[in-house]
Amino acid sequence: MQSVLGMTEVTAFLQVQETQRRERLEIQVSGQWYAVTVDPMFNQQSAFNGAVYRVVDITDRRRAEESVRFLSEASAVLSASLDYKITLNKLSELVVPTLGDFCFFDVFGADEQIQRVAWRHGDPTKQEWFNQVQDNVPPQEVKYHPVTKALVEGESSLISKV
């Protein structure tokens, strides 16, 4: 158990020894979540004698909770404004880093051009660079845009050099 809990085991034991009450905590180790319950043990003279640990993998539960939280926040963002540019910008803030390292939204304009209206990068040092690049990208004709190709052909495409 020491390899799973590390210092948590020692800290929880000392807390149980001091309070002589059950301690509960949730920890993350190498991408997995665990619920740890530590109960005090007493000898026949009611003196503290040790602790019993129960460790349960709750990774699936935590992921489900995070998904529900994300969907709830996304619903709030989507219903907060009728201005699609504001909505997509807020949505990009929510998507990064939950779903990816960066995100951008392109829209088809009335002029049959594709225009980037929102973007976000997860690394703050790269966000400024990302802003400069996006501000200097001209709208593209729909028929030459990679998104159009993906929609028409039903297959994604890899753009190796940007």
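Worth saying up front: this structure is predicted, and the values here are computed from it rather than measured.

Caption draft 1: Local environment of the sheet that holds strand E6 (residues 140-141). Here we have three strands laid out as an open sheet, ordered E4-E5-E6, and antiparallel in their pairing. Lying at the two open borders of the sheet, with one neighbouring strand each, are strand E4 (102-108) and E6. Relative to E6, strand E5 (residues 113-121) runs antiparallel, the two being bridged by two bridges. Residue pairing in the sheet places Ile-114 in a bridge with Gln-140 of E6. Each of E4 and E5 is contacted by helix H4 (residues 84-98), which is oriented at about 40 degrees to E5, the strand it contacts most.

Caption draft 2: Region of the structure containing the packing of aromatic side chains. Within this structure, the stated rule accounts for five aromatic pairs. Summarising the aromatic geometry, the rings of Phe-42 and Phe-48 are spaced 6.4 Å apart at their centres and angled 80 degrees between planes, so their arrangement reads as edge-to-face. Given a relative accessible area of 39%, Phe-42 falls into the partly exposed group. With centroids separated by 6.0 Å and ring planes inclined at 65 degrees, the aromatic side chains of Phe-102 and Phe-130 adopt a geometry described as edge-to-face.

Caption draft 3: Up close: the pattern of salt bridges. Going through the model one piece at a time under the given rule, you end up with six salt bridges. One salt bridge connects Glu-26 with Arg-62, and the closest N-O pair in it is separated by 2.6 Å. One end of the pair, Glu-26, is in strand E1 (residues 23-29); the other, Arg-62, is in helix H3 (residues 59-80), and 36 residues separate them in sequence. According to the relative accessible area criterion, Arg-62 is buried, its value standing at 17%. Here Glu-65 and Arg-61 are joined by a salt bridge, their closest N and O atoms 3.1 Å apart. A residue pair is termed a helical-turn pair when its members lie 3 or 4 positions apart in one helix, as Glu-65 and Arg-61 do in helix H3 at four residues. The exposure class of Glu-65 is partly exposed, given its relative accessible area of 33%. Residue Arg-61 is classed as partly exposed on the basis of its relative accessible area of 37%. It is possible to trace a salt-bridge network through shared partners that takes in Glu-26, Arg-61, Arg-62 and Glu-65.

Caption draft 4: View of the confidence of the model for the chain. Per-residue confidence for the chain gives a mean pLDDT of 86, with 92% of residues at or over 70. H3 holds the highest mean pLDDT among the elements of the chain, 95, whereas helix H1 (residues 2-5) holds the lowest, 50.

Caption draft 5: Just the pairing of E1, in detail. Bridge analysis of E1 against strand E2 (residues 32-42) gives seven bridges, and the strand direction is antiparallel. The residue bridging Ile-27 from the neighbouring strand is Tyr-34, located in E2. The hairpin formed by E1 and E2 contains two residues between the paired strands, and Ser-30 there has a positive phi angle of roughly 50 degrees.

Caption draft 6: The nonpolar core, seen in detail. Ranked by internal contacts, the top residues of the largest apolar core, which has 13 residues, are Leu-88, Leu-91, Leu-94, Val-95, Cys-103, Phe-105 and Val-117. When residues of this core are traced back to their parent elements, those giving at least two are H3, H4, E4 and E5. The dominant element in this core, judged by the number of residues it contributes, is H4, at five residues. Filtering out sequence-adjacent residues up to four positions away, Phe-105 remains in contact with Leu-88, Leu-91, Ser-92, Gln-115, Arg-116, Val-117 and Ala-118. In this structure, Ile-27, Val-38, Phe-48 and Ala-51 belong to the second largest nonpolar core, which totals nine residues.

Parameters at a glance
- Residues numbered from 1 in each chain as written.
- Predicted model: local features only at pLDDT ≥ 70, side-chain atom pairs only at ≥ 80, totals over all residues.
- Heavy atoms only, no water.
- Pairing = 2+ DSSP bridges.
- Helix = DSSP H or I, 4+ residues; strand = E, 2+ residues; numbered from the N terminus.
- Contact = heavy atoms within 4.5 Å.
- Axes fitted to C-alpha atoms, helices over the stretch in contact; angles between N-to-C directions.
- Phe/Tyr/Trp six-rings, centres within 6.5 Å; stacked < 30°, edge-to-face > 60°.
- Buried < 20%, exposed > 50% of the residue type's maximum accessible area, 1.4 Å probe, protein only.
- Salt bridge = Lys/Arg side-chain N within 4 Å of Asp/Glu carboxyl O.
- pLDDT = per-residue confidence, 0-100.
- Core = buried A, V, L, I, M, F, W, Y, C linked by side-chain atoms within 4.5 Å.

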